[in-house]
Amino acid sequence: MRRFDALHRWLFRWRSDGTAAIVLDRRRIYILPSRSGLLFAAALVVMLLGAINYNLALGHALVFLLAGIGMVGMVHGFRNLHGLRLTPGRCAPVFAGETAEFELLVDNPRPLARRMLVFAADPGHPATLTVDGRQQAKIAIPVPSRRRGWLVLPRVRLSTRYPLGLFTAWSYLQPEMRCLVYARPLATPLPEASASAAPGSGAGNGGQEDFAGFRRRQPADPLRHVAWKASARDGGQRPLLVKQFAGGSETELALAWQAADPAQDDETRIAILTGWVLEAARRQLHYSLALPGVTIPAASGEAHCRRCLEALALLP
Amino acid sequence: MSASDDLLSREEPPWLFAVALATTLPHTLHQPAWLSGLAGLLLAWAAWLWQRDQRLPGRWLLLPLAIGGCLAIVAEFGTLFGRDAGVAMLVLFMAMKLLEMRQRRDAIVVVMLGYFLLLTHYFHAQDIPTGLWLLLALWLVTAALIRLHAGRIGPGETLRYAGQIGLQALPLMLVLYLLFPRVGGPLWGLPQDAFQARSGLSESMSPGSIGELVRSGEIAFRVRFDGTPPARPLLYWRGPVLERYDGTSWQVWPQRRPAETIEALGPAIDYETTLEAHGQRWLLALDAAATLPAGATLDGRLSAQLAQPVEARRRFRLSSTPAYRLNRHEQPATLTANLALPPTGNPHTLALAARWRDEEKSPSGIVDRALRHFRNEPFHYTLQPPLLGRDAIDDFLFRSRRGFCEHYAAAFVVLMRAAGVPARVVTGYQGGEFNPLDGYLVVRQSEAHAWSEVWLAERGWVRVDPTAAVAPERIERGIAEALPAGEPLPLFIQRHADWLRGMRHRWEALNNAWNQRVIGFDAQRQRQLLADLGLPDADWRTLAIALSLAGAAALALIAALALRRQHRQPPALRLWLRAQRRIGVHCAPGETPLALAARLRRSDPASAEAFDPVVRLFLLARYAPTPNLYLAALRAAVARLPRRRSA
């Protein structure tokens, strides 16, 4: 079995570090008659017998021309894949249960259009692509995600039946691509925000009531907090400024492993936390995340949200 | 493929309607009218549903329709199998499948049925127009198959691609056509309906039967002589010999005869004859047949016969000796049979013959006397003789005196027999027309003829053609010259249609080339071809090897055509390289065009003056947003460069 796996890897490996382009050469392309090809061949045999039996010279010619057309179709089917350059692209993270889309960049260096290229990952739906001559196109290979964590792109079968459908030409691709699958969120009410002036979080940093001056804008600050008038003084020489507030209910939401219902199993708690992170991000709150072994200090913004989701997704 | 990909798109069904129409339409000429009507209705229904974008009918409607159609076919043909019933079933399936065409699978079945239906047209004709029509239909069917597998693609591109694939398939087709081992004859018994009624000579002759045949311009056979062809009056092509006369019609005597003895009096003439299918066994050899092809025999009356009826165009090699003596010593039984007359009837004829027998001393004198009679009395040669009464020979010889070759031959034989000279009627063809384009002698049904043979002691059976006595032009120059104007001859062979004749010669030479080279390529020609290629006595093993080698070569050619790389560089780059070659500089790796220009200004200021605009235009043509605007100027600038000094 192990030997078979080795053979399999040798046959179908990407033959690169998984990120460089590969070119489909003749060693990578397989071709066999399709079901309609077998039907066609059977029809030709019957037609040939008829032509012989009734001594139809033109019948012979027709059968031979059709056989020739079938052979040309085979060569053209092979040509439809031959010389394609495939480069692994990106794959945006998805939530478990959604469909991950692995992007491949397909480059057609020849002047002929490559039609009806069907990409299918092992479990997954096929995606069809046509690349015009000397053009590039992106194909997103859909793979359903089930569990949180890294989803490794399974072996992809790139096949085509173009032009006549009598032959299926195919090639196996195994680029080293993986997609981050976030845990499936579970919508539960957010825990109470602790209105604490946590030490080290900066005086009045997160308050929203009393104006306490300006500070330089950080990328994480929402645009609507920018003090446009103040920033525009001095002929626009100043950096963007953000109003700072002090006192009142300066809130920081601490999302902690312990806060999620301890009665549930681990996966459900991760789902609850994921739901909280999403909700907090939606409300543009300032929040921190504390997980067993990982602690993410409070912040806000999209990058912070992604970081939290990733930490949740990759919990052992 | 997922389920949604397997459903047909909106643009695909019209292709399949066209496939169904193109492949079934020619069958309307041969199939029962109700079937054409039914298939047409089903096709129109499918197209209407498509046009209205409505759902196809369900099984509950299609199943009774299919069963009803099959029952009707059984009622029409008596079976569901066999050739014509099978074709009818295919047509019915094709039409019904259009109403069941939801998925790609169904459409592929329609295309395969279309390919199959193409073959069935050849049951009826294999001529050039059929070949051309079916080539067009094949193109369409292949385009439909491409359309089913190419996603979104325009009709023009589909057709162009189908044509390209067809052209690339030609070498492989040629290889297979020439080298695939040909099997002669049927693999299993041919059904009775494999052959249609054919026109040709029959084994009996009654007044008017040959006159009927003569009205047809169809070709009976073509002959190619190896050497000089014999003179036209010698071109007697012998069919059945009719010896039995019952008062109205002449028939072949079914009795077997001992083999004839033929003495050749001159050299033999070799020729090849290509018989059209006539449904009978007569070989129609030139008198007198000397060597026959395998499978053919003489029937004791010098008529060459084949073992099997000629049901398809066939080619034979023969030789004949136009000067011959036949059966100088004839069986007494044969002579008696050729003296027999019906016990009653034609009293005037018998009386005339009795008078001649008394007056002439020898049988040959009687023959001459009869020919003189035909020549001197006012006999007319016409295709439209008046009706004859019960004593037909009396009526013809003494009252109407108007008739056609069969009348003259019959009357002459009756006269001879009554005068005691053994005589018989020979039917066949006389003459023929040389096509000046390919040198073939074309013999038509209109050359059908009847003549006589008399048996004279020491000379054997001697041909006597009483028609020649009445209308010598018939033998010398052909039937169109012999008949008066206004006779109902086929348009093609009429006398004053010279412009038609030229066109006809061309068309027939083309058809003949098609028949001989394409249709007539059989096991024998294949062996000949291989012998010419240096593979004599090729058996199937040699053929298989030759076929594999040539097939692999053809496939390699196809692959080379399809997979050749296009190494063409962009035009601006090509011009840039040409400019460098022209003034003899080389852009070093890493050197920009501007740096090269600067270098050139230092080393060769004279060339640099002309080179500067080239550099400027090259950069524009290569990198400007609209590069094509500068190509013409760049080309002109490169052309203005001084030639490299021959250093």
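Residues numbered from 1 in each chain as written. Chains lettered and ligands numbered in written order. Predicted model: local features only at pLDDT ≥ 70, side-chain atom pairs only at ≥ 80, totals over all residues.

Novice: Could you give me a rundown of the overall build of chain A, with the residues and numbers involved?
Specialist: Assigned secondary structure in chain A consists of six helices and 17 strands. In chain A, which comprises 316 residues, the proportion classed as buried is 35%. Here the analysis covers contacts within chain A between residues at least 6 apart in sequence; of these, 68% occur between residues at least 24 apart. (Helix = DSSP H or I, 4+ residues; strand = E, 2+ residues; numbered from the N terminus. Buried ≥ 20, exposed ≤ 12 C-beta atoms within 10 Å, placed from the backbone. Contact = placed C-beta atoms within 7 Å.)

Novice: Break down the overall build of chain B for me, citing the residues and quoting the values.
Specialist: Within chain B one finds 24 helices and 20 strands. The C-alpha atoms of chain B give a radius of gyration of 37 Å, which is well past the 26 Å a tight globule of 647 residues would have. Overall, the C-alpha framework of chain B stretches about 130 × 80 × 55 Å when taken along its three principal axes. Buried residues in chain B amount to 34% of all 647 residues. Considering only residue pairs separated by 6 or more positions, chain B has 73% of its internal contacts joining residues 24 or more positions apart. (Rg over C-alpha atoms; globule rule 2.2 N^0.38 Å.)

Novice: Can you break down the UniProt feature "transmembrane region" (unreviewed entry) in chain A residue by residue, with the values?
Specialist: Residues given the UniProt feature "transmembrane region" (unreviewed entry) here are residues 36–54 and 60–78 of chain A. The span residues 36–54 of chain A is 95% helical and 0% strand by assignment, and the distance between its end C-alpha atoms comes to 27 Å. (UniProt positions renumbered as here; feature names shortened; annotations may be inferred.)

Novice: With reference to specific residues and values, describe the UniProt feature "transmembrane region" (unreviewed entry) in chain B.
Specialist: Residue and element names in this part refer to chain B. When the UniProt feature table is mapped onto this chain numbering, "transmembrane region" (unreviewed entry) sits at residues 33–50, 57–75, 106–124, 130–149, 161–180 and 543–563. Counted over residues 57–75, helix gives 89% and strand 0%. Its end C-alpha atoms are 26 Å apart. The straight-line gap between the two end C-alpha atoms of residues 106–124 is 29 Å; of that span, 79% is helix and 0% is strand.

Novice: Describe the sheet that holds strand β16 (residues 287–291) of chain A, with residues and values.
Specialist: Residue and element names in this part refer to chain A. Pairing within the open sheet is mixed, and its three strands lie in the order β15-β16-β17. In this open sheet, the two edge strands, each paired with only one partner strand, are β15 (253–256) and β17 (294–299). Each adjacent strand pair in this sheet contributes to an overall mean axis angle of 10°, direction not counted. In the sheet, β16 pairs with β17 via four bridges, with the strands oriented antiparallel. Counterpart to Y287 in the pairing with β17 is A299. (Pairing = 2+ DSSP bridges. Axes fitted to C-alpha atoms, helices over the stretch in contact; angles between N-to-C directions.)

Novice: Break down the pairing of strand β2 (residues 219–225) of chain B for me, citing the residues and quoting the values.
Specialist: Along any regular strand, the residues point their side chains to alternate faces of the sheet. Residue and element names in this part refer to chain B. Within β2, five of the seven residues are buried, leaving the element largely enclosed by the surrounding structure. Alignment of β2 against strand β18 (residues 441–444), held across four bridges, turns out to be antiparallel. Looking at the pairing, V223 lines up with L441 of β18. Relative to strand β7 (residues 269–275), β2 runs antiparallel, the two sharing five bridges. Looking at β7, one finds that R224 is bridged to E272.

Novice: Tell me what's going on with unusual backbone geometry, and back it up with residues and numbers.
Specialist: Of note, the bond from Y162 of chain A into P163 of chain A is cis; its omega dihedral lies within 30 degrees of zero at 5°. Within the secondary structure layout, P163 of chain A lies in the loop between β10 (156–160) and β11 (167–173). In this chain, D287 of chain B is followed by A288 of chain B through a cis amide linkage whose omega measures -15°. One can find A288 of chain B in the loop between β8 (285–286) and β9 (289–291). Phi is positive for M116 of chain A, which is not a glycine, with a value near 50°. Summarising the element assignment, M116 of chain A is placed in strand β6 (residues 114–121). Even without a glycine there, the phi angle at R401 of chain B is positive, about 55°. Its place among the elements puts R401 of chain B in the loop between α13 (392–400) and β15 (402–403).

Novice: Describe the packing of helix α4 (residues 59–77) of chain B against helix α5 (residues 83–97) of chain B, with residues and values.
Specialist: Residue and element names in this part refer to chain B. Relative orientation of the contacting elements α4 and α5 amounts to 160°, with a least axis distance of 10 Å. The pairing of α4 with α5 is recorded here as roughly antiparallel in orientation. For α4 against α5, the interelement crossing comes out right-handed. Across the interface between the two elements, L62, L65, A66, G69, I73 and F77 of α4 pack against D84, A85, A88, M89, L92 and M96 of α5. Here the residues of the contact of α4 with α5 are counted per class, giving ten nonpolar, one polar and one charged. (Parallel < 35°, antiparallel > 145°, perpendicular 65-115°, else oblique. Left-handed = near helix turned anticlockwise from the far one by under 90°. Nonpolar A, V, L, I, M, F, W, Y, C, P; charged D, E, K, R; others polar.)

Novice: Can you lay out helix α3 (residues 57–81) of chain A for me, pointing to particular residues and giving the numbers?
Specialist: Residues and elements named next belong to chain A. Spanning 25 residues, α3 covers 37 Å between terminal C-alpha atoms, matching the ideal 36 Å at 1.5 Å per step. Burial runs high along α3: 25 of the 25 residues are buried. G83 occupies a position one or two residues after α3 and carries a positive phi of about 85°. (Expected span 1.5 Å × (residues − 1).)

Novice: Kindly report on the interface of chain A and chain B, identifying the contributing residues and their values.
Specialist: Opposite the 46 residues of chain A that make contact, chain B presents 47 residues. Taken together, the elements giving at least two residues each to the side of chain A that touches chain B come down to α2 (35–53), α3, β6 and β7 (127–131) of chain A. If you tally residues by element for the side of chain A that touches chain B, the top one is α3 of chain A, at 18 residues. Tallied by class, residues from the side of chain A that touches chain B come to 28 nonpolar, 14 polar and four charged.

Novice: Explain the packing of helix α11 (residues 347–359) of chain B against α13 of chain B residue by residue, including any values.
Specialist: Residue and element names in this part refer to chain B. Taken N-terminus to C-terminus, the directions of α11 and α13 make an angle of 65°; their axes are 7 Å apart at the nearest point. Overall, the two elements α11 and α13 adopt an arrangement that is roughly perpendicular. Every residue of α13 that contacts α11 at P347, H348 and T349 is listed here: I393, D394, L397 and F398. Across the contact of α11 with α13, the residue classes break down as four nonpolar, two polar and one charged.

Novice: Provide a residue-level description of α11 of chain B, including the pertinent values.
Specialist: Residues spaced three or four apart along an α-helix face the same direction, because each turn holds 3.6 residues. All names here are of chain B. Over its 13 residues, α11 runs 18 Å from end to end, which matches the ideal 18 Å to within 8%, given 1.5 Å per residue. Taken as a whole, α11 has its buried residues at T349, L352, A353 and W356. Summarising the axial view, the buried residues of α11 lie within an arc of 95°, below the 170-degree limit, and thus occupy one face. The exposed set on the far side of α11, more than 90 degrees from its buried face, consists of P347, A351, R355 and D358. Check the buried side of α11 and you find it contacts α12 (363–376), α13 and α14 (405–418). (Arc of directions from axis to C-beta.)

Novice: Kindly report on the sheet that holds strand β9 (residues 149–152) of chain A, identifying the contributing residues and their values.
Specialist: All names here are of chain A. Judged by pairing direction, the sheet is mixed, and its three strands sit side by side in the order β4-β12-β9 without closing on themselves. Each edge of the sheet is formed by a strand with only one pairing partner; in this case those strands are β4 (94–95) and β9. In this sheet, strand β12 (residues 178–182) lies alongside β9 in antiparallel orientation, the contact comprising four bridges. Bridge pairing in β12 links V152 to R178. Against the sheet, helix α6 (residues 302–313) makes contact with β9 and β12, and its axis sits at roughly 95° relative to β12, the strand it touches most.

Novice: So what's going on with the pairing of strand β12 (residues 314–320) of chain B? Which residues, and what values?
Specialist: Residues and elements named next belong to chain B. Where β7 and β12 come together, seven bridges link them in antiparallel fashion. When the bridges of β12 are listed, T273 appears paired with F316. Across two bridges, β9 lies against β12 in antiparallel orientation. Its bridge partner lying in β12, A289 is registered against S320.

Novice: Requested: an account of the environment of A544 of chain B, with residues and values cited.
Specialist: Residue and element names in this part refer to chain B. Relative to the helices and strands, A544 is located in helix α20 (residues 540–563). Judged by the 14 C-beta atoms lying within 10 Å of it, A544 is partly exposed. Along the sequence, A544 and P181 sit 363 residues apart, while their C-alpha atoms lie 7.6 Å from each other.

Novice: Lay out the UniProt feature "domain: Transglutaminase-like" (unreviewed entry) in chain B with the relevant residues and their values.
Specialist: UniProt marks residues 397–468 of chain B with the feature "domain: Transglutaminase-like" (unreviewed entry), using the numbering shown here. Split by type, residues 397–468 of chain B is 29% helix and 42% strand. Its first and last C-alpha atoms lie 16 Å apart.

Novice: Just give me the short version of the environment of Y162 of chain A, but keep the residues and values in it.
Specialist: Examined against the element boundaries, Y162 of chain A turns out to sit in the loop between β10 and β11. Since 25 C-beta atoms lie within 10 Å of it, Y162 of chain A is described here as buried. In sequence terms Y162 of chain A and N80 of chain A are 82 residues apart; their C-alpha atoms lie 7.2 Å from each other. With residues up to four places along the chain from it excluded, the contact list for Y162 of chain A reads G77, N80, R115 and M116 of chain A together with H149 and A150 of chain B.

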